[in-house]
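What the coordinates show
Listed below, chain by chain, are the residues.
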Amino acid sequence: MFKNIDIFTDDPIISVVDEFNKDSRKNKINLSIGIYYDNNGNTPQLKTVGKAKTNLNKLPAIASLYLPIEGLYNYRLAIQKLLFGFNSKLIKEGRIVTVQSIGGSGALKLGADFLHHNFPNSEVWCSDPTWDNHISIFMRSGINVNYYPYFNIKNKEIKFTQLLKTFKKLPKKSIILMHSCCHNPTGSDLTQSQWDQITQVVKNRNLIPFIDVAYQGLANSMDKDVYAIRTMAKAGLPLFVSNSFSKIFGLYGDRIGGLSVVCENKSDYELVFGQLKTIIRSIYSSPPSNGAKIVEYILTNDILRNEWLNEVEFMRKRIFTIRKILFNNLKNILPNKNFNYLLKQYGMFSYTGFSPQQIKFLRDEFAIYIINTGRICISGINEYNIKQIINAFVAINN
């Protein structure tokens, strides 16, 4: 019965983690998966998350009931304020549809299903390269996937001229999938000026922008990292935004995210909201409550919210400090090599440009695991393993 089923192709990130777990060497280092680690190599629970859990546990014990199809109201409103600003005119006018999703991946899936159902002839354009799951999600929703120029592997620069040229030639109602900040896997982000130019082209060409934001606050600041979202929203574009709270709340296993859609008017809002609830109902009926209640509790409490913002800022600064230490050491040892990309890239990831042979060399000789694209997770570097990592990078570059 099942002999003609396609063979499973393992996820390129998960497969590296599996290989890492099988490695018996005590000095092994995992720089593959996108998880925030502290200086001891642990994934910490945020203090604000701990406080929220404690306070929520003090409430009278009740059964864990189904949430509304669209999720918790205050949680959804908190997402809107975080993405679009506390004083957003669009929020006050009730023109943003936000639904709670099962992580950022779930938000992307909801958006892809919605777009395929309502714009069956539209195709999606992803950055080259992009996060592998972007491709899988849209393909599984029945949408043809194409690529726009984004990153030059040799000089580690964004191909902005080619990107803009491609956007200007796309058919109307083409879907363009973009990263708001901390581009995955390259860490190379567009400037505000470049986002302004893209916004104008998107508006002129009548394209459908879909922005994915999984690392808000880890590039520059909580507000600056969503400049593209707020700029496109103010321009009146029919914007789709998927967001995830896995990294910035440390709630990886709770699968907490959201999909937001900016509508032109209240009538469109009702149509979009209804269609998204129909899609959710047919897939998983209603979202999980535990993580959403924690995020809602923190984001709706002024004191906890400010404490959380400070925690995210600490994470951001630690990542950048590691970048500087890695850069300074490599520059001192190999002065003729260019490591500037380490300081010009943002967020948890850095794109090394290492070849498959070099990546295998890292695993075999130094027990350092990175994914096959050459992307490394900067937060996986700490004071205890950085010397081993520097020695390995020097060996590769000599």
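Further up the page is the structure itself.
Residues numbered from 1 in each chain as written. Predicted model: local features only at pLDDT ≥ 70, side-chain atom pairs only at ≥ 80, totals over all residues. Heavy atoms only, no water.

1. Description of the overall build of the protein
Broken down by element type, the protein carries 16 helices and 13 strands. Taking 21 Å as the expected radius of gyration for a compact globule of 398 residues, we find that the protein reaches 21 Å, a close match to that expectation. Taken over the C-alpha atoms alone, the protein extends approximately 60 × 55 × 55 Å along its principal axes. Counting over 398 residues, the protein shows a buried share of 54%. In the protein, the proportion of contacts linking residues at least 24 apart, taken out of those at least 6 apart, comes to 75%. Approximately 18,900 Å² of the protein is accessible, and the part contributed by carbon and sulfur atoms is 51%. (Helix = DSSP H or I, 4+ residues; strand = E, 2+ residues; numbered from the N terminus. Rg over C-alpha atoms; globule rule 2.2 N^0.38 Å. Buried < 20%, exposed > 50% of the residue type's maximum accessible area, 1.4 Å probe, protein only. Contact = heavy atoms within 4.5 Å. Areas by Shrake-Rupley, 256 points an atom, 1.4 Å probe, with all protein chains shown as cover.)

2. Considering the pairing of strand S9 (residues 240-244)
Among the five residues of S9, five are classified as buried, and the element is accordingly described as predominantly covered. Alternating residues of S9 divide into Phe-240, Ser-242 and Ser-244 and Val-241 and Asn-243, and every residue in both groups is buried. In this structure, strand S8 (residues 208-213) lies alongside S9, joined through four bridges in parallel fashion. Looking at S9, one finds that Ile-211 is bridged to Val-241. For the crossover that starts at S8, traverses helix H9 (residues 227-234) and ends in the parallel S9, the hand is right-handed. (Pairing = 2+ DSSP bridges. Right-handed = clockwise from strand over helix to strand, strands pointing away.)

3. Comments concerning the nonpolar core
The nonpolar side chains of a soluble globular protein tend to be buried, and buried together. The biggest cluster of nonpolar side chains holds 98 residues, and the ones touching the most others in it are Phe-84, Ile-198, Phe-245, Phe-249 and Trp-308. Among the nonpolar cores identified, the runner-up in size contains 30 residues, and Leu-110, Ala-112, Val-124 and Leu-276 belong to it. (Core = buried A, V, L, I, M, F, W, Y, C linked by side-chain atoms within 4.5 Å.)

4. A look at the sheet that holds strand S7 (residues 175-179)
On the basis of which strands lie adjacent, the open sheet formed by seven strands has the order S2-S10-S9-S8-S7-S3-S4 and mixed pairing. Two strands bound the open sheet, and with one partner strand each, they are strand S2 (96-102) and strand S4 (145-149). Taken over all neighbouring pairs, the strand axes of this sheet differ in orientation by 25° on average, direction set aside. Alignment of strand S3 (residues 124-128) against S7, held across two bridges, turns out to be parallel. What sits directly across from Val-124, in S7, is Ile-175. Across the sheet, helix H6 (residues 132-140) is in contact with S3, S4, S7 and S8; its angle to S4 comes to roughly 145°. (Axes fitted to C-alpha atoms, helices over the stretch in contact; angles between N-to-C directions.)

5. With respect to the pattern of salt bridges
Following the criterion strictly, the structure yields 10 salt bridges and no others. Of the charged contacts in the structure, one is a salt bridge between Asp-23 and Arg-25, with a shortest N-O distance of 2.7 Å. Judged by relative accessible area, Arg-25 falls into the partly exposed class, the value being 29%. We note a salt bridge from Arg-316 to Glu-313, for which the minimum N-O separation is 2.8 Å. With a gap of three residues between them, Arg-316 and Glu-313 both fall in helix H13 (residues 302-333), about one helical turn apart. With relative accessibility at 18%, the residue Arg-316 sits in the buried group. Members of the salt-bridge network, linked through shared partners, are Lys-89, Glu-93 and Arg-95. (Salt bridge = Lys/Arg side-chain N within 4 Å of Asp/Glu carboxyl O.)

6. A look at the side chain of Arg-375
Tracing the backbone through its elements, the reader meets Arg-375 in strand S13 (residues 375-377). For Arg-375, which is buried and forms no salt bridge, the nearest opposite charge comes from Asp-132, at a distance of 7.4 Å. At 2.8 Å, the side chain of Arg-375 forms a polar contact with the side chain of Asn-184. Not counting residues up to four positions away in its chain, the partners in contact with Arg-375 are Ile-13, Leu-31, Ser-32, Ile-33, Gly-34, Asn-184, Pro-185, Phe-349, Ser-350 and Ile-370. (Lys, Arg positive; Asp, Glu negative; His and termini not counted. Polar contact = N/O pair within 3.5 Å; in protein donor to acceptor, adjacent residues only side chain to side chain.)

7. Overview of the packing of aromatic side chains
Across all of its chains, the model carries 13 aromatic pairs by this definition. For the pair Tyr-269 and Phe-273, a centre-to-centre distance of 5.7 Å together with 50° between the ring planes defines the contact as tilted. Note that Tyr-269 and Phe-273 are positioned in helix H11 (residues 266-283) at a spacing of four residues, about one turn of the helix. Residue classification places Tyr-269 among the buried residues on the basis of a relative accessible area of 13%. The aromatic ring of Tyr-341 is capped on one face by Lys-156, whose charged end is 4.9 Å from the ring centroid. The ring of Phe-273 carries Lys-277 above its face, with NZ or CZ at 4.5 Å from the centroid. (Phe/Tyr/Trp six-rings, centres within 6.5 Å; stacked < 30°, edge-to-face > 60°. Lys NZ or Arg CZ within 6 Å of the ring centre and 35° of its normal.)

8. Looking at unusual backbone geometry
Residue Pro-129 is bonded to the preceding Asp-128 through a cis peptide linkage, with omega at 5°. In this structure, Pro-129 sits in the loop between S3 and H6. For Asn-206, which is not glycine, the phi dihedral falls at a positive 60°. Here Asn-206 lies in the loop between helix H8 (192-205) and S8. For Ala-367, which is not a glycine, the phi torsion comes out positive at approximately 60°.

9. Describing the pairing of S7
Among the five residues that make up S7, five are buried, leaving the element largely enclosed by the rest of the structure. Burial along S7 is two-sided: Ile-175, Leu-177 and His-179 facing one way and Ile-176 and Met-178 facing the other are all buried. As paired strands, S7 and S8 are joined by five bridges and run parallel to one another. Residue pairing in the sheet places His-179 in a bridge with Asp-212 of S8. Crossover S7 to S8 through H8 is right-handed.

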